[in-house]
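# Summary of the model geometry
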Amino acid sequence: MSGSAQNTAVPVGAEAKPASPRSRLGARRPGAFLDLGVQVGVVLALCVAWEAGARLGAINPFLLPPLTDVLARIGEDAMSGAVFVDLGLTLYRALFGFLIAAVIGIPVGILMSRSRIVRWFFDPLLSIGFPMPKVAFLPIFILWFDIYDTSKVIMVAFSCFFPIAAATYAGTTGLDKWPIWSARSFGAKEVEILWEVNLPMALPQILTGLQVALPVGMITTVVTEMLMGGRGIGGSMIMAGRFADSVGVFAGIVEIVALGFLVVKSLELVRARLLAWHPETRR
Amino acid sequence: MSALRQAPAVDPAGMAGAAGIRIDAVTHAYRSPGRPPVTALDRISLDIGPTEFHALLGPSGCGKSTLLYLIGGFIPVQDGAITTPKGRVTAPGPERSIVFQNFALFPWKTVRENVLYGLRKSGVGREESEARAREFISLVHLTGFEDAYPSQLSGGMQQRAAIARTLAVDPKILLMDEPFGALDAQTRRVMQEELRAIWQRSPKTVVFVTHDVQEAVFLADRISIMSSRPGRIQHVLDVPLPKERGEDTLESREFIQLSEHIWRLVREQAVAATRGRL
Amino acid sequence: MSAAGAGPADAALALPRNTLLFKLFDGVLRYSPLLVLVAVWEGLGLSGFVSRQMLPDLGTILSEFWRMLTGGDLLYNTARSLSRSFSGLALAIVVGLAAGLAMATARPARLLINPVVQIFYPMPKSALIPVVMIWLGLGDASKVLLIFLGCLLPVVVGAYNGARGVNPFLVWSARSLGAGRFEVLREVIVPAAMPEILNGCRTALAFSFILMVSSEFLIASDGVGYMISSLGDGGIYPAMFAVIFFVAAIGFAADRVYSVIMRRQLRWREA
C-alpha cells in the first residue's frame, strides 16, 4: 500500500465507518425511548440553566447572554431576512465548493485505481495534501482570485478534494474479486462492470469520504467568510465579535449549529438511502 | 417422549466439601421490548461431579451456551440457583475459567503475555508465572511462538494459546464453549485427544458445550442432551468408555454404538423441534 | 512507501531493495510529480501570462525562507503556534478520553454527554473563534480554548466507539481470569479501543492545525498564521508563500510522525 491509501482510512474513524457518532450512539436498544426522553431532558435542562444563569447573574451576561435574548435577535434577523441571506450564502459556498471537489475528486480517485500514470501523479500529491492544513493556502487564493466568492468556493473545493479523492481511491482499489468475476462470467463489459459492480462496492468508502469532506468544507467556509468579511454567517459573526456584540455572536452560533446539524444529518440520510442494500444499514 | 429422565436432584449434603457444580431449577428468558420473552432455558437441574468431564450436547439455539455463561457468572441468574463449592454464582471468578469458541485472546498481547495475564491476576509471582507460562505453552505445543501476536497464528494455534491461558491458572472448574468449533477436522481431532489427556493428568470439573455427537462421546464421562425452545435437558447419559482414550477408542464398538444411540436421540429432538415450528 | 510495495524504482532500475541508494531513488521517483508542479509553476511565471507578483519564482521564495529561518523570526513564530496547538490538543485528548470512556461504560454519563456531542459534533468549529474572542480576549488562552474545543469531539467519539465496540468475550475472558472492573477498563477496554482512539486523535491533530492557523489569521499578534496574514497584507508575497509552504510541510510532517507512532502502537494488528 502506498502512502495515500494508508492515510485515507485514517482520519475517517475505522475503515468503512462514517465519521459520525450516530452509528452507535443512536442505536435502537431496549429502553431507547426512555433514553431519548432523558437526553431531550438534558438538552432542555441545559437551556434552562443557560437562561437562568445569565438572568440571575451567575454568569456575566456579556460572556453568555440569556438564551431568550439570543433567540429574540434571531427572530428579529429572521423578520428582516438577514438570517436567511447569511445562512443561504454560507450554505451555497460550502455546497458549491463541496460539489466541485466531488465532481473532480471522485473521477480522480477512480482513475488512480485504474491507470498507472494517474496514480503516479496523484498518489504523492494526495499523501502530502491530505494531512496538511489547507486553510493556510487561503491568502494565496485571495491573492489569485480576489476576495469575492470565487476564492471562497475554490478554497472550499481545495479542502474537500483531498478526503474525497483519497477515499475514492482506497474504495476502488483492492475490491473483492468475486463479484467482478461473476459479472464478467455473465458477459458484462468492463465499462458496465465499473458502473454496476465497482462503484456500488466502493460506494460506502466514497460516501465516507464525502462525509469527512463536508464538515471540513463548512469549517473552511466559515473561516473564509470571517477572514474576508461581507455577508454570510462567518462574516456576521466576526463582525459581531469585533464590535463586542455578544448577543450577535451567540445568535450566529445557534444558527450555525442548526445549519451544521441539518447538513450533516441530510448527508447521513442520503447514505442510508444509497446503502439500503448494505449490512451497515440493517444493523 | 415418555422415557425421558430428568437429572435426579442429589441431596445438597453430597456437595459439601467436594468441588463440582449444582444447577438447581434454572430458568432463563431473553426479553426484548415489544416482543414476547424467549425462554432459553426451562427449569434446568443438573449436578456435575468434582472430577467429571461433562458434555452439554444439543442443536444450535438450545441454550447450552447460555447455560455455560450462567455457570461462568457472565450473565445473571434470573431464576433458580447455581452453586459451586465457593457458594452461589453471582459474578465471574478465577475458579471458573472459560475457553470461548472465538478464542477471545487479547490481540494486543503476545501468546506469552496472554498466558501471563491470567497468572498475574491470580496473584502468582513473576518468576513462577514465567515458568508456568513456559510449561503450559509447551503443553499445547506452542513453544517457539511465545512472542507471536494472535493475528500471526492459525486458528488452531490461537485456540491452543487460549486453552493454555485458561489451564495455566489451574481453575477448579473449566468451562468450554465449543472450543474446537472453528477448527478443521484434523486439528480438532488432535486437540480433543490432547484435552482429554490434560484432563486425565489433572482431573477437574469440565463443562464442555458442543453440537458434535462424536466429540461429546469421545471426551465426556457424562452427556446431557438438550432440546431447544425452550431449552431443556432431555437425557443424561453415562459414557461407559475406558478412562484412557485415543485413536483406537474411535474404532471401538462401544464408541460407535453409543454415538449412534445418541445421534438417534438428538435426531428425534431435531425432528420434533422442526415439526413444532412448521 | 513500504519496502514491500512496488515502488516506481522497481521498474526503473535493477538495484537490490533496501539499499540506501534504492530508497533514495525510489523516494525521488515517487515524489517526482512535485517536480512537474514546480516546472508548471516556473513555466507559467516565465511565460508572462501571470504576473510575478502572483507567482513569485521559487528561487526567491527559497531565499526568503532562508532569510526568515536564519533571522529566527520563523522559528519563534512556529514555536508560538505549536505550543498553542499542542496544549489545546493535549487537553482535548485527556478530557476527551475520559469522557468517551465514561460514556461507553456508564449509562448516566452516556445520557448526559451524548446529547451535547450530538448537537455540537456537526458544528463547524471555526465558528467558535468569535466566541473565544469574547470569552478570553486576544491572548493565548482564547486560541488554546478554541483548539481544545475543536479537537475534543473527535477524541470523545473515537474513544466511545472504540470502547463500545470491544468484543464482549474479551471482557468476559478477563473477568473469568480474575480482573476487576477497573482492571478490565485499563487492561482490556482501553487497549482494544486503541485503534479507534488513535484514529480520533489523528483527526484531532489535523483539526488542531486548521484551527491554529485560522485563529491566528484572525486574532493574534504572533504565530505562523499571523505571519502569513501580515506578510500578505504587506504585499511581501514571496515570504508569504514561503511561510505557507512551511506550515503545510509541518502539518504533513506531524501527521507522518504520528502515523509512525500509531503503527508501532498497533503492531499487534498486522498479521
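Residues numbered from 1 in each chain as written. Chains lettered and ligands numbered in written order. Predicted model: local features only at pLDDT ≥ 70, side-chain atom pairs only at ≥ 80, totals over all residues. Heavy atoms only, no water.

## A short note on the overall build of chain A
Secondary structure summary: chain A contains 13 helices and zero strands in total. Expressed as a percentage of the 283 residues in chain A, the buried residues total 52%. Of the contacts formed within chain A by residues at least 6 apart in sequence, a portion of 71% connects residues at least 24 apart. Summed over all atoms, the accessible surface of chain A reaches about 12800 Å², with 72% contributed by carbon and sulfur. (Helix = DSSP H or I, 4+ residues; strand = E, 2+ residues; numbered from the N terminus. Buried < 20%, exposed > 50% of the residue type's maximum accessible area, 1.4 Å probe, protein only. Contact = heavy atoms within 4.5 Å. Areas by Shrake-Rupley, 256 points an atom, 1.4 Å probe, with all protein chains shown as cover.)

## Considering the packing of helix 4 (residues 58-71) of chain C against helix 12 (residues 237-265) of chain C
All names here are of chain C. Remark: helix 4 packs on helix 12, axes separated minimally by 8 Å, with the N-to-C direction vectors making an angle of 75°. Considering the angle they form, helix 4 stands roughly perpendicular to helix 12. From helix 4, Thr60, Ile61, Glu64, Phe65 and Met68 reach across to helix 12, where they touch Pro238, Ala239, Phe241, Ala242, Val243, Phe245 and Phe246. Classifying every residue of the contact of helix 4 with helix 12 gives ten nonpolar, one polar and one charged. (Axes fitted to C-alpha atoms, helices over the stretch in contact; angles between N-to-C directions. Parallel < 35°, antiparallel > 145°, perpendicular 65-115°, else oblique. Nonpolar A, V, L, I, M, F, W, Y, C, P; charged D, E, K, R; others polar.)

## A closer look at the confidence of the model for chain B
Parts of the prediction with low pLDDT should not have their coordinates interpreted in detail. All names here are of chain B. Chain-level pLDDT for chain B is 83 on average; 91% of the residues reach the 70-or-more range. No element of chain B has a lower mean pLDDT than helix 7 (residues 253-277), which averages 81, and none a higher one than strand 8 (residues 205-210), which averages 93. Taken as a whole, residues 1-17 scores under 50 in pLDDT and shows 23 contacts with residues more than four places along the chain or in a different chain. (pLDDT = per-residue confidence, 0-100.)

## A closer look at the side chain of Ser142 of chain C
Residue and element names in this part refer to chain C. When you line up the elements, Ser142 lands in helix 8 (residues 140-164). The class for Ser142 is buried, based on a relative accessible area of 0%. Not counting residues within four places of it along the chain, the set of residues in contact with Ser142 comprises Val132, Leu136, Gly137 and Ile219.

## Notes on the environment of Ala167 of chain A
Here Ala167 of chain A lies in helix 8 (residues 149-172). Judged by relative accessible area, which is 4%, Ala167 of chain A ranks as buried.

## Re the interface of chain A and chain C
Tallying the contact residues gives 66 residues for chain A and 70 residues for chain C. Here Arg107 of chain C ties to Asp35 of chain A by a salt bridge, and the two come within 3.1 Å at their closest N and O atoms. Put simply, chain A and chain C have ten residue pairs in polar contact (both at pLDDT 80 or more) between them. Elements with a contribution of two residues or more to the side of chain A that touches chain C: helix 1 (3-9), helix 2 (22-25), helix 3 (32-55), helix 6 (116-129), helix 7 (138-145), helix 10 (190-228), helix 11 (233-242) and helix 12 (246-274) of chain A. In terms of residue count, helix 12 of chain A provides more of the side of chain A that touches chain C than any other element does, ten residues in total. Split into classes, the residues belonging to the side of chain A that touches chain C amount to 45 nonpolar, twelve polar and nine charged. (Salt bridge = Lys/Arg side-chain N within 4 Å of Asp/Glu carboxyl O. Polar contact = N/O pair within 3.5 Å; in protein donor to acceptor, adjacent residues only side chain to side chain.)

## Describing the domain arrangement of chain B
Interface size is commonly expressed as the accessible area that is lost once the parts come together. Residues and elements named next belong to chain B. Domain parsing of chain B yields domain 1 (20-95 + 173-247) and domain 2 (103-170). Computed from C-alpha coordinates alone, the two centres of domain 1 and domain 2 are separated by 24 Å. Listed by partner, the interface residues are twelve residues for domain 1 and eleven residues for domain 2. Roughly 1000 Å² is buried in total at the junction of domain 1 and domain 2, and carbon and sulfur atoms are behind 75% of that figure. Taken together, domain 1 and domain 2 are joined by one salt bridge. Across the pair Lys204 and Asp170 runs a salt bridge, and its minimum N-O distance is 2.9 Å. Remark: the boundary between domain 1 and domain 2 carries three residue pairs in polar contact (both at pLDDT 80 or more). Residue assignment for the side of domain 1 that touches domain 2 shows that the elements contributing at least two residues are strand 7 (173-177) and helix 5 (185-201). Looking at the side of domain 1 that touches domain 2, the element that brings in the most residues is helix 5, giving five residues. When grouped by side-chain class, the residues that make up the side of domain 1 that touches domain 2 number eight nonpolar, one polar and three charged. (Domains from an automatic or database assignment. Buried area = accessible area lost by both parts, 1.4 Å probe.)

## Structural notes on the packing of helix 10 (residues 181-218) of chain C against helix 11 (residues 224-233) of chain C
Residues and elements named next belong to chain C. The interhelical angle for the contact between helix 10 and helix 11, taken along N-to-C directions, is 45°, at an axis separation of 7 Å. When the interaxial angle is binned, helix 10 and helix 11 end up oblique. Between helix 10 and helix 11 lies a crossing whose hand is right-handed. Residue-level inspection shows Met212, Val213, Glu216 and Phe217 of helix 10 in contact with helix 11, the latter providing Val224, Gly225, Tyr226, Ile228 and Ser229. Of the residues in the contact of helix 10 with helix 11, the class split is six nonpolar, two polar and one charged. (Left-handed = near helix turned anticlockwise from the far one by under 90°.)

## Remarks on the domain arrangement of chain A
Residue and element names in this part refer to chain A. Here chain A is partitioned into domain 1 (27-64) and domain 2 (67-282). One C-alpha centre belongs to domain 1, the other to domain 2, and the line joining them spans 30 Å. Between domain 1 and domain 2, the buried area comes to about 710 Å², and carbon and sulfur atoms account for 57% of it. A per-residue breakdown of the area domain 1 buries against domain 2 is headed by Trp50, Glu51 and Phe62, which together make up 60% of the total. Viewed at the interface, domain 2 and domain 1 are joined by one salt bridge. Seen at the junction of domain 1 and domain 2, the total is five residue pairs in polar contact (both at pLDDT 80 or more). For the side of domain 1 that touches domain 2, the class distribution of residues is six nonpolar, no polar and two charged.

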